[in-house]
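One letter stands for each residue in the lines below.
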Amino acid sequence: MKLCRFTTAGSPDARIGLIVSGDAVLDLTYAGVRRVTDLVERRDLADELARLGRTSLPDHPLDGVRLLTPVESQEVWAAGVTYLRSKEARMEESEFSATAYDRVYEASRPEIFFKSLAEKVVAPGDAVGIRRDAHWNVPEPELALVINSSGHIVGFTIGNDMSSRDIEGENLLYLPQAKIYTAACAVGPWIVVGPTEDDARQWTIHLEIQREGRKVFAGETRAGQIKRPFTELVEYLFRSQTFPNGAVLLTGAGVVPPDSFTLQERDSVRITISGIGALENPVAVV
Ligand code: DO4
Ligand code: MG
């Protein structure tokens, strides 16, 4: 079951939808559902969505609505160095910080950092940013966990943890500048409810970057390559911290373009996760 936020041509207000078949969005707003954040607090979420899916509510063709990010008011956080590929790429990027990456990959406590306020998250189809003061910029295609205020993983979506590798590589203390800036985080296109962690670990994560209609990079990994259990990442995120609106946690990048590659303005970034769908964004300089 796919839960989304969208607008229609007739109204700028965000509506909540359930994609029941491939191309129709059931408009849950007519059933009084106003916020994803409230819905995902329900202990019977999957049953409730199944029930709503059987009701005869008005629907819209999927290609006739504008999908918004499903992140409504949750803070977005990100785990790092959760794949061997990420550890190796970052150790190569910075002699200065190599030991830190090596250590955190093996340590009990994972790397978890703040990524974005909800209102700054980029929607499907809108531009993600590359910093004008950086010269080595990449997307990071990541499986994202949707977590309610009790710390339960209630669904999965796709995240793009846009990163400036030259800034990050110069000094680890620059990580927030490499990771948090305008349009540095895209999440969408919807939340998939129902699959378990074991199901999600079977999914493939594919990144494709197009430039002037030509493929300039493609790579793939499997979510099963993530070193730590998702529940462990969530447990650390919720340690000594409350999230009244829940949280979204990006689980790290396992596809890293070669060091010779940097994004350019007007490139198109498409991240496809097999159990979810695709998140596509053009690139703009910010
Ligand atoms: O430590 C730097 C960031 C790591 C990260 O974002 C990732 O592994 O995905
Ligand atoms: Mg990342």
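Scroll up to find the structure.
A brief structural summary.

The rules behind the values
Numbering of residues begins from 1 in every chain and follows the order in which that chain's sequence is written. Just so you know, chain letters begin at A and ligand numbers begin at 1, following the order they were written in. Since the coordinates come from a predicted model, pLDDT governs what is reported: local features require at least 70, and pairs of side-chain atoms require 80 or more to be given and counted, while whole-chain, interface and lining totals use all residues. Note: side-chain values were computed over all heavy atoms of the structure, leaving out hydrogens and water. Points on a 1 Å grid over protein atoms alone make up a cavity when a 1.4 Å probe fits among them but cannot get out, and a pocket when they form an open set with protein on both sides within 12 Å along at least five of seven lines; lining residues each have an atom within 4 Å of a point. Grid points are joined across faces, edges and corners, and a volume is the space filled by probe spheres set on the points. The way it works is that DSSP assigns letters per residue, a run of H or I at least four long becomes a helix, a run of E at least two long becomes a strand, and they are numbered from the N terminus. Amino acid classes used here: Ala, Val, Leu, Ile, Met, Phe, Trp, Tyr, Cys and Pro are nonpolar; Asp, Glu, Lys and Arg are charged; the rest, including Gly, are polar. Near is defined per residue: the residue qualifies when any heavy atom it owns lies within 4 Å of the molecule or strand. Pairs of N or O atoms within 3.5 Å make up the polar contacts considered here, provided that, within protein, one atom can donate a hydrogen while the other can accept it, and that residues adjacent in sequence are counted only when both atoms are side-chain atoms. Throughout, the Shrake-Rupley method with a 1.4 Å probe supplies accessible areas, and for residues the shown protein chains are the sole cover considered. For a molecule to be placed in a cavity or pocket, more than half of its atoms must lie within 2 Å of the grid points of that cavity or pocket. Two strands are counted as paired when DSSP detects at least two bridges linking them. Axes here refer to lines fitted to C-alpha atoms; in helices the fit is confined to the stretch in contact. Angles between the N-to-C directions go from 0 to 180 degrees. Only N, O and S atoms count as donors, using a 2.8 Å cut-off from the metal and 3.2 Å for Na, K and Ca, and because water is excluded some sites may appear unfinished. In this scheme, a residue with accessible area under 20% of its type's maximum is buried, one over 50% is exposed, and one in between is partly exposed, where area comes from a 1.4 Å probe on protein chains only.

### A word on empty space enclosed by the protein
Scanning the entire structure with this criterion turns up three cavities of 30 Å³ or more. Here the largest cavity defines a volume of roughly 80 Å³. In this structure, the largest cavity is lined by 16 residues; those nearest its centre are Gly 80, Val 81, Arg 90, Glu 111 and Lys 179. Elements represented by at least two residues in the lining of the largest cavity include exactly β6 (75-80), α3 (84-93), β7 (111-116) and α6 (175-179). Residues of the lining of the largest cavity, tallied by class, amount to six nonpolar, three polar and seven charged.

### Some details on the site of ligand 1
Taken together, the neighbourhood of ligand 1 is formed by 16 residues, with Val 81, Ser 86, Glu 111, Lys 179 and Ala 253 sitting nearest. Taking Arg 90, its side chain carries an N or O atom lying 3.3 Å from an oxygen atom of ligand 1. Relative to its unbound accessible surface of 280 Å², ligand 1 loses 100% to contact with the protein. Here ligand 1 occupies the largest cavity. Broken down by secondary-structure element, the contributors of at least two residues to the shell around ligand 1 are β6, α3, β7 and α6. Looking at the shell around ligand 1, its residues break down into six nonpolar, three polar and seven charged.

### Remarks on the sheet that holds strand β18 (residues 277-285)
One open sheet accounts for five strands, arranged β8-β18-β17-β14-β15; its pairing is mixed. Only two strands of the sheet have a single neighbouring strand rather than two, namely β8 (128-130) and β15 (214-222). The sheet shows a mean angle of 20° between the axes of neighbouring strands, taken without regard to direction. Both strand β14 (residues 204-211) and strand β17 (residues 268-273) contribute to a ladder of six bridges, which runs antiparallel. Bridge assignment links Ile 209 to a residue of β17, and that residue is Val 269.

### Comments concerning the layout of surface pockets
One water molecule sets the probe size; rolling that probe over the atoms shows where empty space is left. Reported here for the largest pocket is a volume of approximately 180 Å³. Lining the largest pocket are Glu 41, Arg 42, Arg 43, Leu 45, Ala 46, Asn 148, Ser 150, His 152, Ile 153, Val 154 and Val 193. Put simply, the parts of the chain that give the lining of the largest pocket at least two residues each are α2 (45-54) and β11 (153-161). For the lining of the largest pocket, the per-class residue count stands at five nonpolar, three polar and three charged.

### Regarding the environment of Ala 9
Take Ala 9: it is sitting in the loop between β1 (2-8) and β2 (11-21). As for Ala 9 and Val 71, which are separated by 62 residues in sequence, their C-alpha atoms are 21 Å apart.

### Looking at the coordination of the magnesium ion (ligand 2)
Here the magnesium ion (ligand 2) is held by the protein donor atoms Glu 140 (OE), Glu 142 (OE) and Asp 161 (OD), which lie 2.0 to 2.1 Å from it. Sequence spacing of the donors to the magnesium ion (ligand 2): E-x1-E-x18-D. On the criterion of sequence distance, the pair formed by Glu 140 in the loop between β9 (137-138) and β10 (141-147) and Asp 161 in strand β11 is long-range, its members being 21 residues apart. Of the two residues, Glu 140 and Asp 161, both sit in the buried class.

### Considering the pairing of β11
Among the nine residues of β11, eight are classified as buried, and the element is accordingly described as predominantly covered. Inspection of the sheet shows β10 paired to β11 by seven bridges, in the antiparallel sense. Within β11, the position partnered with Glu 142 by the bridge is Gly 159. Hairpin connection, β10 to β11: the antiparallel pair is bridged by five residues, and Gly 151 has positive phi, about 85°. Examined bridge by bridge, β11 and strand β13 (residues 185-192) share five bridges and lie antiparallel to one another. Within the sheet, the bridge partner assigned to Ile 158 lies in β13 and is Gly 188.

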